[in-house]
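# Notes for the structure review
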Amino acid sequence: MSNHNSCGLCRIDIENLSVLSGNSILIEDINLSLHCGELTALIGKNGAGKTTLLRAILGERNYKGKISFVSHHDDKIKRPSIGYVPQYMTFDKSTPLSVADFMLACKVKRPVWLGNKKEDIRKLEERLAELDCANLADKRMGDLSGGELQRVMLTAALDPMPDLLILDEPASGMDIAGLDLFFKMVASIRDKYHIAILLVSHDLGLIRKYADTVVLLDKTVVASGEIEDVFSTEAFKSTFGYLE
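Given the structure is predicted, the values throughout are model-derived calculations rather than measurements. (Residues numbered from 1 in each chain as written. Predicted model: local features only at pLDDT ≥ 70, side-chain atom pairs only at ≥ 80, totals over all residues. Heavy atoms only, no water.)

### Observations regarding the packing of aromatic side chains
The relative placement of two aromatic rings is captured by the distance of their centres and the angle of their planes. Convention followed: Two rings from Phe, Tyr or Trp (for Trp, the six-membered ring) form a pair when their centres sit within 6.5 Å of each other. Planes less than 30 degrees apart are called stacked, planes more than 60 degrees apart edge-to-face, and all others tilted. Put simply, DSSP marks the helices as runs of H or I at least four residues long and the strands as runs of E at least two long, and each gets a number from the N terminus on. Whether a residue is buried, partly exposed or exposed follows from its accessible area with a 1.4 Å probe, protein chains only, as a fraction of its type maximum: under 20%, in between, or over 50%, in that order.
The full count for this structure, using the stated rule, is four aromatic pairs. Between the aromatic rings of phenylalanine 183 and tyrosine 210, the centroid separation amounts to 5.8 Å while the plane-to-plane angle is 25 degrees, which identifies the pairing as stacked. Residue phenylalanine 183 is found in helix α5 (residues 176-193), and its partner tyrosine 210 is found in helix α6 (residues 204-210); the two are separated by 27 residues along the sequence. This pair shows no difference in class: phenylalanine 183 is buried, exactly as tyrosine 210 is. Aromatic side chains phenylalanine 236 and phenylalanine 240 sit 5.0 Å apart centroid to centroid with 40 degrees between the ring planes, which places their arrangement in the tilted category. Here the residue phenylalanine 236 and the residue phenylalanine 240 both occupy positions in helix α8 (residues 234-240), the gap between them amounting to four residues, near one helical turn. Three or more aromatic residues joined by ring pairs form one cluster here, namely Phe182, Phe183 and Tyr210.

Next comes the structure, spelled out in structure tokens:
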């Protein structure tokens, strides 16, 4: 568990944030801080506004209010680095694109057919090895299992290492063992690099095991804080029922 008083590179302060779509309020008056070195889980029923909040933080949605990225000197960071792992990645599975080609194409502005520089390949192999994906470098993207694909996408999101990592329900297509491995990797990244991580997940058991804090959303923040504190609120019980 990380020290809640120490913020390394930055924290993210969200103040009075609202997102409208026409006359509909998608989310309103959201106030919360995401701290570096912490994995914050964002939970709520379908339609609670979780994806809308992620898109606002990513700069893909207009919003009212303020999102500030703050350094440990209390200076504002104008262009923070954000890594993002979406719920799904759609691509043509018949394309003969290897994991290494995909990763290097994400990073290097150089056509795949020109080949890759040895130094870029070496760095890629190191990063893949760190996330237990070293054996996947030459595998075709279309041949990856759900868990392997999510680990490759996580590796891509961490190069370069971001200030904030956003994971949008990264559990699709994974079995229990794959899920546990994925969350262990995310927790080790948090501990090693002290970055802020925001996770949207429906898996309350894994959240209880790996998250530091949790935010329960229902158009606005209805509960936030330590896992057991939030899980014992009436708002949580009315949303999810009692957790065994």
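### Let's talk about the pattern of salt bridges
Any two side chains of opposite charge can pair if their charged atoms end up close together. Quick reminder of the rule: By salt bridge we mean one thing: a side-chain nitrogen of Lys or Arg within 4 Å of a carboxyl oxygen of Asp or Glu.
Taken as a whole and judged by the stated rule, the model has twelve salt bridges. Residue lysine 45 is joined to aspartate 218 by a salt bridge in which the shortest nitrogen-to-oxygen separation is 3.6 Å. Taken together, the positions of lysine 45 in the loop between β3 (39-43) and α1 (50-57) and aspartate 218 in the loop between β8 (213-217) and β9 (221-226) put the pair 173 residues apart, joining distant regions of the chain. Between aspartate 180 and lysine 209 there is a salt bridge, and its shortest N-O distance comes to 3.3 Å. Separated by 29 residues along the polypeptide, aspartate 180 in helix α5 and lysine 209 in helix α6 bring together distant segments of the chain. Note on aspartate 180: relative accessible area 18%, which makes it buried.

### Considering the packing of helix α4 (residues 146-157) against α5
Which entries qualify depends on this criterion: Comment: axis = line fitted to C-alpha atoms, over the contacting stretch for helices; angle = value between 0 and 180 degrees taken between N-to-C directions. Here roughly perpendicular refers to angles of 65 to 115 degrees, roughly parallel to angles under 35, roughly antiparallel to angles over 145, and oblique to all remaining angles. Each crossing gets its handedness from the near helix: less than a right angle anticlockwise from the far helix is left-handed, clockwise is right-handed. When checking whether two residues touch, look at their non-hydrogen atoms; a contact exists if any pair is within 4.5 Å. All residues other than Ala, Val, Leu, Ile, Met, Phe, Trp, Tyr, Cys, Pro, Asp, Glu, Lys and Arg, Gly among them, are scored as polar; the first ten of these are nonpolar and the last four charged.
Contact geometry of α4 with α5 gives a least axis separation of 10 Å together with a crossing angle of 15 degrees. Here α4 lies roughly parallel to α5, going by the angle between them. In terms of crossing hand, the pair formed by α4 and α5 is right-handed. Together, Gln150, Arg151 and Leu154 of α4 and Leu181, Phe182, Met185 and Val186 of α5 make up the contact between the two elements. Classifying every residue of the contact of α4 with α5 gives five nonpolar, one polar and one charged.

### Topic: α4
Under the convention used in this document: Take the residue count of a helix, subtract one, and multiply by 1.5 Å to get its expected span.
In a regular helix each residue adds 1.5 Å, so twelve residues correspond to 16 Å; α4 covers 17 Å between its end C-alpha atoms and thus fits that length. The set of residues buried in α4 consists of Gly147, Glu148, Leu149, Gln150, Arg151, Val152, Met153, Leu154, Thr155 and Ala157.

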